Number of protein chains: 2
Amino acid sequence: MSKIIDIEIIDLRVPTSDTLQGSDPFHKKPNYSCVLTRINTDDGLLGLSVNFSAGAGNDWLAYGVRDLSRLILGRDLEEFIGDPISFYRLLIDHHQLRWLADGVARMAIGSILNALWDLWAKTENKPLWKLLVDLPPERIVQSIDWRYLRDAFTPEEALERLKNARSKRTAQEKHVIQKGVKAYSTAGWLGLTDQEILETIEEVRAQGLDCFKMKVGGGIDFDRKRMAFLRESIGDEALLMTDANQIWGVDEAIEYMKRLSEFRPYWIEEPTARDDVFGYKRIADGLRPFGIGVAAGEQVPSPVIFKQLLMQNAIQYCQIDATRLAGVQDVLAVILMADKFQIPVCPHGGGIGLCNMIVHYAIWDQICVSGPSRGQLVEYLYFLQDEVFLDPVSIRNGAYEIPTSGGWGLEMEEEFVREHTYPTGRVWQGREDSGSITFIA
Amino acid sequence: MSKIIDIEIIDLRVPTSDTLQGSDPFHKKPNYSCVLTRINTDDGLLGLSVNFSAGAGNDWLAYGVRDLSRLILGRDLEEFIGDPISFYRLLIDHHQLRWLADGVARMAIGSILNALWDLWAKTENKPLWKLLVDLPPERIVQSIDWRYLRDAFTPEEALERLKNARSKRTAQEKHVIQKGVKAYSTAGWLGLTDQEILETIEEVRAQGLDCFKMKVGGGIDFDRKRMAFLRESIGDEALLMTDANQIWGVDEAIEYMKRLSEFRPYWIEEPTARDDVFGYKRIADGLRPFGIGVAAGEQVPSPVIFKQLLMQNAIQYCQIDATRLAGVQDVLAVILMADKFQIPVCPHGGGIGLCNMIVHYAIWDQICVSGPSRGQLVEYLYFLQDEVFLDPVSIRNGAYEIPTSGGWGLEMEEEFVREHTYPTGRVWQGREDSGSITFIA
C-alpha cells in the first residue's frame, strides 16, 4: 500500500514579462507561472503535477489546491487506482465546494487528480501515455464522468470505439514511437520585434518545425504587415496559424479574419469568448469559404463546452489543455468526443510544464483513439525546458520524441524551484511587485 | 473626494447544515455563507457587498477578493463614478489574472464592483435601485462591457430601448413602489420532512405568497410522492416550480420531467449543467408540449452563456444572480438582453444577502426595462434575514417591499458578524470541521 502522507504546494513564477515571450492582446505582460503539486507517499513515491497560469492569480490556484489536498491526505493510492471516478466525484461533486463552479475550482481539482495519475504511472514504472495505452478500454471508460455527456456520446459507444481501435494498437504504437507526434510553434508573440520573430523562426526551424503561429489582434494594419512578413519568412508551403486570444466579438472576428485571408491562415485560434459556442459556430461558418478553420480549447472551461463545440462543428481543431479541466479524466473524455466528431486534437502547449504533459495525451490519441493520420499538431514552446526539467521535452525532425521517464516527467531542477518560488525566491528579490496583481500592463 | 483607504474582507458562515435548509441533490449539507466586503473611504463612507457560497470554498472567494482589493486601494470613488467601465476592465481584463477565467475570479470581481456601486448609491443617499432608475440611459449603456455581446444586442439598440421605456418610467415607478415586486419561495428543500415542508408553506403563505418551489432529483418515486403532496397542500391554483440543481443529463431531464408533468410544474430550474446551452435548448423544446418552461441562472458563469441561452430561447425564465457575475454591470447587461428576447427576469435569491440585493435589480427591470407585466417572480428566502440585517427584506401581500435605505441595504448586525466569522466566531467553536472542505455529505 502507498499511503499519502504529505502534500506540498509551491507557487513558481518566471519573470517572462522582461522579454514579452508569451505576450498576446490580452496577456500583455505575462509572467509564466505554475502551481507545483507534490504528493508524497509513505513508500517514497512522489506524484507531481503543474498548473499553468500567467502570473497574478497563481496564488489563488495554489490556495485552492492546498485546500483540496486535505481531501486526499491519508488516503491510499490503491483506492484511487482501483476507483479513479470516485476520487473525481469526491472533488467535482463536493457538496459545498461545487458552488464555485469552473475556473479556479476545476483547475485546482485537475492539479490533484493529475498528481494522482502521475503516482499511478510511477507505480507501474511507465510514462503516463504508456499507462493510458495499456489500460483496458473498460477502465478508461469507467474513469470518466458521463453525467453531462450522454446526449453527445455514451460510454457504450466510447467502449466500442476504443475496442475497435485496439486492433491497430500495436502497429500504431510502433509507428508513433518511431516518428513521434508532429509539433508546431508560436513564433510571432505580440510583443516581439520582427527581428526577434525571425530569430525565433530560425531557432524552431533548426529543430525541423515547419508550422508556425502568430498572435493577431494588435490592429488590422499592424497584423497585415506582420503576417505578410511572416508568410514571406516561412515560405508559401509552411502552415501559418493565427491566435487572437479572445480579443474580438463574433462579427468583428469574421470581418477581421477576412482581411487576413490572403496570407492563408490555417486556423484562427480563440477568435472570441472562451464559452461562446454559438459565436464560434458563426465564425466557423463565416470563415469556411476562406479556408480558415477555428481552433479553441486552452480556456474552454468545462467538458460540457467542449461537447457543444464538437457537436456543432463550431471548431475544426480541438485544443485540449493539460491544466484547464479536472485532470486526466476530463481530457480523456474530450479526446474521445473529438474522435467521434472527427475533429483533430491539437493540444495547447506553453510554459511551465504544459508541453511536457500534453505530449502524453497526443500519443494516447494517436495510438489508441483517432490514429496518427488526422493531421494533429501539438503545440511546442522552445523556452522554459532545459533550465526547468530533468527530462525536458525533446523535438526531432519537427516532432516530439516519446517520453520514457515515469509519470508525466515533470521532475524539476531543484535550483529552478528554489530560485523561482514566489515571492521568496532569488529572482523575485527586489522586484516582488512585477509578479503580483498590482503589476499593470 | 472620497478616497478608498481601507478594505476588510470577512468570511461569514452559518451552520445551516444542522437543519438542512437549503439542501438539494448536489448541495446536500450546505452551510450558507458569504464573503462580506467592506470598503472604507476617508470621508467615512462604508461600501458593502456580499458574495454567497455554500460553505467550503468561501475562503477561496475571500482570498481572491482580498487580492483584488489591492487594485482599488487608494483610488478615489469619484474615478469609479465617472467611469465605471474602466474599473470593470481593470479587473476583468487584467493582463495576468484573466487566465483564471470565470468561477471564483468573476465572482470575486463582482464583490469589488458591487461594493463600489454601494458606495456610489450612498453618496447620493439612494437605494441602489433608485440610483439605477435615475441614471441617464447613456450612463447605463456606457457602464457595460459590450465586447462579446454585440452579435445579440448592440449598445445603440440598448440605448434606444431604455429611452423608449423612459416615457413610462414615472408611472411605473409609482406602480412598483406601491405594489412591490412579486415574490415566490422554496418550500420543498430536499432534506426536509413532509411535516417541515408543511410548516414552511404555512410560514410563507402567512406573508401572502402563493407560488412555491421544490427540489427534485431525489429519485422519481420520491419526487412523485412529494410533488403530489405539495400540489395537494398548495392547491390547484398556486404555481409550483421545480429545481434539479443540475443533477441530470439532457435526455434524462426530459424523461424525468415528463413523469412529473401531471403535477403541473411551472418551470424546471437547472435541469442540467450550468453551461449547456444546447442541452437547455433541447430540454426546453422537449418540455414545451407539456407546458413546462426551463429556468436557469444562479450558476450561469458569464454574460456570454446568458447571451446564448436568451438568443436560442433555451430558457423561458432568466434567473439573474447577484453574486455570480462581475457585479452590477454584468447583471444590467443580462437584464437588457432578457428584455430584448422577451424573457422574464426572475432573480435567484437565497442566503446570505442575495434577496437583499436582487430586489434592486427586479425593481430596476420593472420600472426602466421590461415593465411590471411580464410575469416576473423574485425568489424569496424566509431565513437569515432578521437576525442578520439591520434592514431585512420585507414581504407584504406576497411581494417584496421597496428598500429605502442607502445602497444595497446590506448593513449587518455586528453580533451576527462577530459570532459567524469563520472559523474564529462563537458558533464555529468546537465544530470547526463542519464548515470546511473535509466535511463530507
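Attention here is on the structure that accompanies the text.

Each value, and the rule that gives it
- Residues numbered from 1 in each chain as written.
- Chains lettered and ligands numbered in written order.
- Predicted model: local features only at pLDDT ≥ 70, side-chain atom pairs only at ≥ 80, totals over all residues.
- Heavy atoms only, no water.
- Phe/Tyr/Trp six-rings, centres within 6.5 Å; stacked < 30°, edge-to-face > 60°.
- Lys NZ or Arg CZ within 6 Å of the ring centre and 35° of its normal.
- Buried < 20%, exposed > 50% of the residue type's maximum accessible area, 1.4 Å probe, protein only.
- Helix = DSSP H or I, 4+ residues; strand = E, 2+ residues; numbered from the N terminus.
- Arc of directions from axis to C-beta.
- Contact = heavy atoms within 4.5 Å.
- Axes fitted to C-alpha atoms, helices over the stretch in contact; angles between N-to-C directions.
- Left-handed = near helix turned anticlockwise from the far one by under 90°.
- Nonpolar A, V, L, I, M, F, W, Y, C, P; charged D, E, K, R; others polar.
- Pairing = 2+ DSSP bridges.
- Buried area = accessible area lost by both parts, 1.4 Å probe.
- Polar contact = N/O pair within 3.5 Å; in protein donor to acceptor, adjacent residues only side chain to side chain.
- Least-squares fit on C-alpha atoms with pLDDT ≥ 70 in both.

We now examine the packing of aromatic side chains. A full pass over the atoms with the stated rule returns 38 aromatic pairs over all chains. Relative to Tyr-256 of chain A, the ring of Trp-248 of chain A lies with its centre 4.4 Å away and its plane at 35 degrees, an arrangement referred to as tilted. Ring pairing ties together the aromatic residues Tyr-32, Phe-52, Trp-189, Tyr-382 and Phe-383 of chain A together with Trp-99 of chain B, which thus form one cluster. Over the ring of Phe-26 of chain B we find Arg-98 of chain A, and its NZ or CZ is 3.7 Å from the ring centre.

Residues and elements named next belong to chain A. Along helix H8 (residues 169-179), the positions that sit buried rather than exposed are Arg-169, Gln-172, Glu-173 and Val-176. The buried residues of H8 occupy an angular sector of 105 degrees when projected down its axis, which confines them to one face. Those residues of H8 that are exposed and aimed more than 90 degrees away from the buried face are Thr-170, Ala-171, Lys-174, Gln-178 and Lys-179. Residues of H8 that are buried make contact with helix H5 (128-134), helix H7 (155-166), strand S4 (181-188) and helix H15 (354-369). Positive phi shows up at Gly-180, right after H8, with a value of about 75 degrees.

Right, let's get into the packing of helix H9 (residues 194-205) of chain B against helix H10 (residues 220-234) of chain B. All names here are of chain B. Where H9 contacts H10, the two axes come as close as 11 Å, and the packing angle between them is 30 degrees. The hand of the H9/H10 crossing is right-handed. Where H9 approaches H10, its residues Asp-194, Ile-197, Leu-198, Ile-201 and Arg-205 are matched on the opposing element by Arg-226, Phe-229, Leu-230, Ser-233 and Ile-234. In terms of residue class, the contact of H9 with H10 is built from 6 nonpolar, 1 polar and 3 charged.

Once that is clear, we can look at the environment of Pro-289 of chain B. Among the structural elements, Pro-289 of chain B can be located in the loop between helix H12 (277-287) and strand S8 (293-296). Along the backbone, Pro-289 of chain B and Lys-258 of chain B are 31 residues apart, and their C-alpha atoms lie at a distance of 9.8 Å.

Right, let's talk about the sheet that holds strand S1 (residues 4-13) of chain A for a bit. Strands belonging to one sheet form pairs held by backbone hydrogen bonds; the direction of such a pair is parallel or antiparallel. Residues and elements named next belong to chain A. Read across the sheet, 3 strands follow the order S1-S2-S3 without closing on themselves; strand pairing throughout is antiparallel. Of all the strands in the sheet, the pair left with one neighbour each is S1 and strand S3 (46-53). Along the sheet, successive strands turn relative to each other by an average axial angle of 15 degrees, direction set aside. Here S1 pairs with strand S2 (residues 33-41) via 9 bridges, running antiparallel. Each bridged residue has a counterpart across the sheet, and for Ile-7 the counterpart in S2 is Ile-39. The strands touched by helix H1 (residues 58-69) within the sheet are S1, S2 and S3, with S1 carrying the most contacts at an inclination of about 175 degrees. Across the sheet, helix H4 (residues 104-123) is in contact with S1, S2 and S3; its angle to S3 comes to roughly 145 degrees.

Listed as interface residues are 73 residues of chain B and, on the opposing side, 73 residues of chain A. Here chain B and chain A share an interface that buries about 6500 Å² over both sides, 59% of which is from carbon and sulfur atoms. The largest share of the area that chain B buries against chain A comes from Trp-60, His-95 and Trp-99 of chain B, three residues that together contribute 15% of it. On the surface where chain B and chain A come into contact, there are 36 residue pairs in polar contact (both at pLDDT 80 or more). Only strand S3 (46-53), helix H1 (58-69), helix H4 (104-123), helix H11 (250-258), H12 and helix H13 (303-311) of chain B provide two or more residues apiece to the side of chain B that touches chain A. No other element matches H1 of chain B, which puts 7 residues into the side of chain B that touches chain A. Each residue belonging to the side of chain B that touches chain A can be placed in one class, and the counts come to 32 nonpolar, 23 polar and 18 charged.

Moving on, we get to the relation of the copies chain B and chain A. For the pair chain B and chain A, the superposition axis carries a translation of 0.0 Å, the fit reaches an RMSD of 0.0 Å, and the rotation angle comes to 180 degrees. Such a combination of turn and shift is consistent with a two-fold rotation axis. When C-alpha positions in chain B are compared against the rotation axis, the closest is assigned to Gly-103 of chain B, at 2.5 Å. The fraction of interface residues of chain B whose copies in chain A are also interface residues reaches 100%, indicating that both copies meet through the same surface.

The next thing to look at is the side chain of Gln-96 of chain A. Here Gln-96 of chain A lies in the loop between helix H3 (84-92) and H4. Setting aside anything within four residues of it in sequence, one finds Gln-96 of chain A in contact with Lys-29, Pro-30, Asn-31, Ala-54, Gly-55, Ala-56, Ser-434, Gly-435, Ser-436 and Phe-439 of chain B.

Structural measurements only, silent on function.
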